[in-house]
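The primary structure of each chain is shown beneath.
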Amino acid sequence: MTDKLKNGYVTEEKFILECLNRNIPISRPIYNVEPYDFVVEINGKLISVQVKKSWIDKKNRNIVCIKSSYPRSSKTKYVNSESCDYLAVLVGDLDWYIIPTIAFDGVVSNISVSKTGAYSKYLNNWDFE
């Protein structure tokens, strides 16, 4: 198993734990074929969530790639409002950015998250607003 794949699984497990600690009901699709990782229930509404971990680029920015491939396939997928409702990004080990996918519709590569950037208002947005 590659380090990238391991990091993805660890990040997903951290998301599960965070939801459980916050009493947010969470479910995972049985098979790894959906364009999202989880479904959470917020105030009776089911919300699909894709989970990612950021990485630091040469300019010391926290970058999230919203373009990826399906496992065992050459098909490319993008995280956007057609594929899921929210993107949950883990920055470091503690900071979660819960970003509505409509906030970056049209972007087809990477986004940068920080406490002072365009997505700063979504830091710890566990109400999924």
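In what follows, the structure referred to is the one given above.
Nothing here was measured: the structure is a model prediction, and the numbers come from that model.

Engineer: Go over the overall build of the protein chain with me, naming the residues and quoting the values.
Structural biologist: Per the secondary structure count, the protein chain includes 1 helix and 10 strands. Starting at the N terminus and walking to the C terminus, you meet the elements of the protein chain as α-β-β-β-β-β-β-β-β-β-β. Against the 2.2 N^0.38 benchmark of 14 Å for 129 residues, the protein chain shows a C-alpha radius of gyration of 14 Å, consistent with a compact globule. Across its three principal axes, the protein chain shows a C-alpha extent of roughly 40 × 35 × 30 Å. By the burial criterion, 38% of the 129 residues in the protein chain qualify as buried. Pairs at least 24 apart in sequence give 48% of the contacts found in the protein chain among residues at least 6 apart. Carbon together with sulfur atoms contributes 50% to the accessible area of the protein chain, which is approximately 8,100 Å² in total. Charge centroids of the protein chain, computed over 17 positive and 15 negative side chains, lie 8 Å from each other.

Engineer: Could you give an account of the packing of aromatic side chains, with specific residues and numbers?
Structural biologist: Going through the model one piece at a time under the given rule, you end up with 6 aromatic pairs. Centre to centre, the rings of tyrosine 86 and phenylalanine 128 are 5.1 Å apart; their planes meet at 80°, and the pair counts as edge-to-face. Linking tyrosine 86 in strand β8 (residues 86-91) with phenylalanine 128 in the segment after β10 (110-113), this pair joins segments that are 42 residues apart in sequence.

Engineer: Hey, could you go over the nonpolar core for me, with residue numbers and the actual values?
Structural biologist: Formed by 17 residues in total, the largest nonpolar core has its most connected members in Phe15, Val40, Val49, Trp96, Ile98, Trp126 and Phe128. Listed by contribution, the elements that provide at least two residues to this core are α1 (3-21), β2 (38-42), β3 (45-53), β8 and β9 (95-100). Counting residues in each nonpolar core, the second largest holds 14 residues, with Val79, Phe104, Val113 and Tyr122 among its members.

Engineer: Report on the sheet that holds strand β1 (residues 26-27), specifying residues and quantitative values.
Structural biologist: With respect to topology, 5 strands assemble into an open sheet ordered β1-β2-β3-β8-β9, the strand pairing being mixed. Only two strands of the sheet have a single partner each, and these edge strands are β1 and β9. Across 5 bridges, the pairing between β2 and β3 is antiparallel. Note on β3: the bridge partner recorded for valine 39 is serine 48.

Engineer: Go over the sheet that holds strand β4 (residues 55-56), please, and point to the residues and values.
Structural biologist: With antiparallel pairing, the 3 strands of this open sheet are ordered in space as β4-β5-β10. The open sheet has two edge strands with one neighbour each: β4 and β10. Two elements, β4 and strand β5 (residues 62-65), share 2 bridges in a ladder whose sense is antiparallel. Opposite tryptophan 55, over in β5, you have isoleucine 63 as the bridge partner.

Thresholds applied
Residues numbered from 1 in each chain as written. Predicted model: local features only at pLDDT ≥ 70, side-chain atom pairs only at ≥ 80, totals over all residues. Heavy atoms only, no water. Helix = DSSP H or I, 4+ residues; strand = E, 2+ residues; numbered from the N terminus. Rg over C-alpha atoms; globule rule 2.2 N^0.38 Å. Buried < 20%, exposed > 50% of the residue type's maximum accessible area, 1.4 Å probe, protein only. Contact = heavy atoms within 4.5 Å. Areas by Shrake-Rupley, 256 points an atom, 1.4 Å probe, with all protein chains shown as cover. Lys, Arg positive; Asp, Glu negative; His and termini not counted. Charge placed at Lys NZ, Arg CZ, Asp CG, Glu CD. Phe/Tyr/Trp six-rings, centres within 6.5 Å; stacked < 30°, edge-to-face > 60°. Core = buried A, V, L, I, M, F, W, Y, C linked by side-chain atoms within 4.5 Å. Pairing = 2+ DSSP bridges.

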